[in-house]
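# Analysis of the macromolecular model
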Amino acid sequence: MQSRAGDMKDSGRSDEIIALHTADSEMQLGRALLHALHNAGISVLYQDREMRTVWARNMRPPWASDTADSNGMLPLAQAERIGAAKRNVVASGNPEHLELSIPADDGVRWFQIWVDADHDDGGAVQGVVTTMVETTEQKRREQTLKTLLREVSHRSKNLLAIIQSIATQTSRYSDTLSDFLTRFRGRLQSLASSQDLVTSSNWRGAALRELVSGQVGRYGADPLRSLRFQGANPYLNPNAALHIGLAMHELAVNSVSYGALSRADGFVEVTADLTAASAGETALSLTWAEAIGANDNQPSEKRFGSVALERVVPASLNGTATLEITGDRLEYRLVVPRGNFETD
């Protein structure tokens, strides 16, 4: 009898220990869940069928500390949407999901709202659980991505239009297929070089000095010797970078074929000046100059290069251009308005 009583006593103690361990585990789980809700920015509200708050956890503005739709912090229309969803869940027992946008001081805050029914053992709805998760940063990233994709699409179409124009004009001034392919490939490589600078700047554009150096460097054996750049170094927008890059390419190819860069000791000078224009605006005056010798026979007929320099490039930038070839000097001057560049 004593042994049996002792066993019963030990068993009782074990049950107490198990119960204590269970209670401790539940408390630890509860604390862990509260930390998880806080760190994830999740708010949870439990209400009975009459929309009286039973408990609430991690309630932050714009949600109330006691109810989620009656403290005046939510716009009336949004509060009514949440209230209607809760009433529908109580009536049907089926969950509902909402996405809300709420005006804030720094723009708009976005939330995902889930409303779920709490069923008793008999299946009757005894309350509703409302879960609120802020998705503002995710929404802003999505909107930024959409904006970037639209920008990429827009710029891609512009680039394709430029390529189509170059192909048309190159074919018009090419005598043979081989001549066309050589010139067209060179111009595509010029666009690709300028586009690399634009892309690396997150579509902001390209610095003028870097753009000119890159285009001339593709043809000069020693860019430090063959190019003398002086003056301002504005930051060109993407459209200006592509078209001024094309102009520098045409000038460099012409110089390698007929001008200063065809000689071992030859060099070109590029000068960039910021000058006052109409209405007090600042304009960029870009000058390419090189000395040509008696044996540097420039082509007398119009080629695509001169058409691009005098018509295509300035028209694309709302600017003006002149190309002059005297007995011993070639000078190209391009003037573009402020909308094509930044100086900060």
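Scroll up to find the structure this text is about.
One structure accompanies this document, and this report is about it.

With that out of the way, let us pick up unusual backbone geometry. Located in the positive-phi region is Asn58, a residue other than glycine, with phi close to 55°. With respect to the helices, strands and loops of the structure, Asn58 is situated in the loop between β2 (53-57) and α2 (76-92).

Attention shifts here to the pattern of salt bridges. All chains considered together, the criterion is met by nine salt bridges. With its nearest N and O atoms 3.1 Å apart, the salt bridge here joins Glu99 to Lys139. With a gap of 40 residues between them, Glu99 in strand β3 (residues 96-104) and Lys139 in helix α3 (residues 136-172) connect regions that are remote in the sequence. Residue classification places Glu99 among the partly exposed positions, given a relative accessible area of 33%. Relative accessible area serves as the criterion here: at 17%, Lys139 is assigned to the buried category. Arg329 serves as the salt-bridge partner of Glu331, at 3.3 Å between the closest nitrogen and oxygen. Look at Glu331 and you get partly exposed, because its relative accessible area is 28%. Look at the salt bridges and you will find they share partners, linking Asp48, Glu50 and Arg52 into a network.

Let's shift gears to the sheet that holds strand β5 (residues 125-134). Pairing is antiparallel across the open sheet formed by five strands, whose spatial order is β2-β1-β5-β4-β3. The open sheet has two edge strands with one neighbour each: β2 and β3. For this sheet, the mean inter-axis angle between neighbouring strands, taken without regard to orientation, is 20°. Where strand β4 (residues 107-119) meets β5, nine bridges bridge the pair, whose relative direction is antiparallel. When the sheet's bridge partners are listed, Phe111 is paired in β5 with Glu134. Against the sheet, α2 engages β1 (42-48), β3, β4 and β5, with an angle of about 165° to β3.

On to the nonpolar core, then. Ranked by internal contacts, the top residues of the largest apolar core, which has 35 residues, are Leu208, Leu236, Ile244, Trp288 and Tyr332. Mapped onto this core, the elements with two or more residues apiece are α4 (177-200), α5 (208-217), β7 (227-231), α7 (238-258), β9 (268-276), β10 (282-291), α8 (304-316) and β12 (329-336). Setting aside chain neighbours within four positions, we find Leu236 in contact with Arg204, Gly205, Ala206, Leu208, Leu211, Ala241, Ile244, Leu284, Asn340 and Phe341.

Here we take up the side chain of Asn340. Its place among the elements puts Asn340 in the loop between β12 and β13 (341-342). Not counting chain neighbours up to four residues away, the residues in contact with Asn340 comprise Tyr235, Leu236, Asn237, Ala240 and Leu317.

If you trace the backbone, Ala79 turns up in helix α2. The sequence separation of Ala79 and Leu100 amounts to 21 residues, and the corresponding C-alpha distance is 9.9 Å.

Here we come to the packing of aromatic side chains. Given two aromatic rings, one states the distance between the centres and the angle between the planes to describe the pair. A full pass over the atoms with the stated rule returns two aromatic pairs. Note on Tyr46 and Trp55: the rings are 5.8 Å apart at their centroids and 10° apart in plane angle, and the pair reads as stacked. A relative accessible area of 12% places Tyr46 in the buried class. Note on Phe180 and Phe184: the rings are 5.3 Å apart at their centroids and 10° apart in plane angle, and the pair reads as stacked. Placement of both Phe180 and Phe184 in helix α4 is noted, with a separation of four residues, approximately one turn of the helix. Judged by relative accessible area, which is 17%, Phe180 ranks as buried. Seen from the ring of Tyr235, Arg204 lies directly overhead, with NZ or CZ sitting 3.9 Å from the centre.

For the rest of this paragraph, the subject is the sheet that holds β10. Within a sheet, each strand pairs with its neighbour through backbone hydrogen bonds, oriented either parallel or antiparallel. Across the sheet, five strands lie side by side as β7-β9-β10-β12-β11; this open sheet has mixed pairing. Each edge of the sheet is formed by a strand with only one pairing partner; in this case those strands are β7 and β11 (320-325). For this sheet the average axis-to-axis angle between neighbouring strands, irrespective of direction, equals 15°. By the bridge criterion, eight bridges tie β10 to β12 in an arrangement that is antiparallel. Counted as the bridge partner of Glu290 is Leu330 from β12. Where α7 meets the sheet, it contacts β9, β10 and β12, and its direction lies at approximately 10° from that of β10.

Where α3 meets α7, the axes come as close as 11 Å, and the angle between the chain directions of the two elements is 20°. By the angle between their axes, α3 is roughly parallel relative to α7. Crossing handedness for the pair α3 and α7: right-handed. Every residue of α7 that contacts α3 at Arg155, Leu159, Ile162 and Ile166 is listed here: Pro238, Leu242, His243 and Leu246. A breakdown of the residues in the contact of α3 with α7 according to their chemical character gives six nonpolar, one polar and one charged.

Definitions and limits used
- Residues numbered from 1 in each chain as written.
- Predicted model: local features only at pLDDT ≥ 70, side-chain atom pairs only at ≥ 80, totals over all residues.
- Heavy atoms only, no water.
- Helix = DSSP H or I, 4+ residues; strand = E, 2+ residues; numbered from the N terminus.
- Salt bridge = Lys/Arg side-chain N within 4 Å of Asp/Glu carboxyl O.
- Buried < 20%, exposed > 50% of the residue type's maximum accessible area, 1.4 Å probe, protein only.
- Pairing = 2+ DSSP bridges.
- Axes fitted to C-alpha atoms, helices over the stretch in contact; angles between N-to-C directions.
- Contact = heavy atoms within 4.5 Å.
- Core = buried A, V, L, I, M, F, W, Y, C linked by side-chain atoms within 4.5 Å.
- Phe/Tyr/Trp six-rings, centres within 6.5 Å; stacked < 30°, edge-to-face > 60°.
- Lys NZ or Arg CZ within 6 Å of the ring centre and 35° of its normal.
- Parallel < 35°, antiparallel > 145°, perpendicular 65-115°, else oblique.
- Left-handed = near helix turned anticlockwise from the far one by under 90°.
- Nonpolar A, V, L, I, M, F, W, Y, C, P; charged D, E, K, R; others polar.

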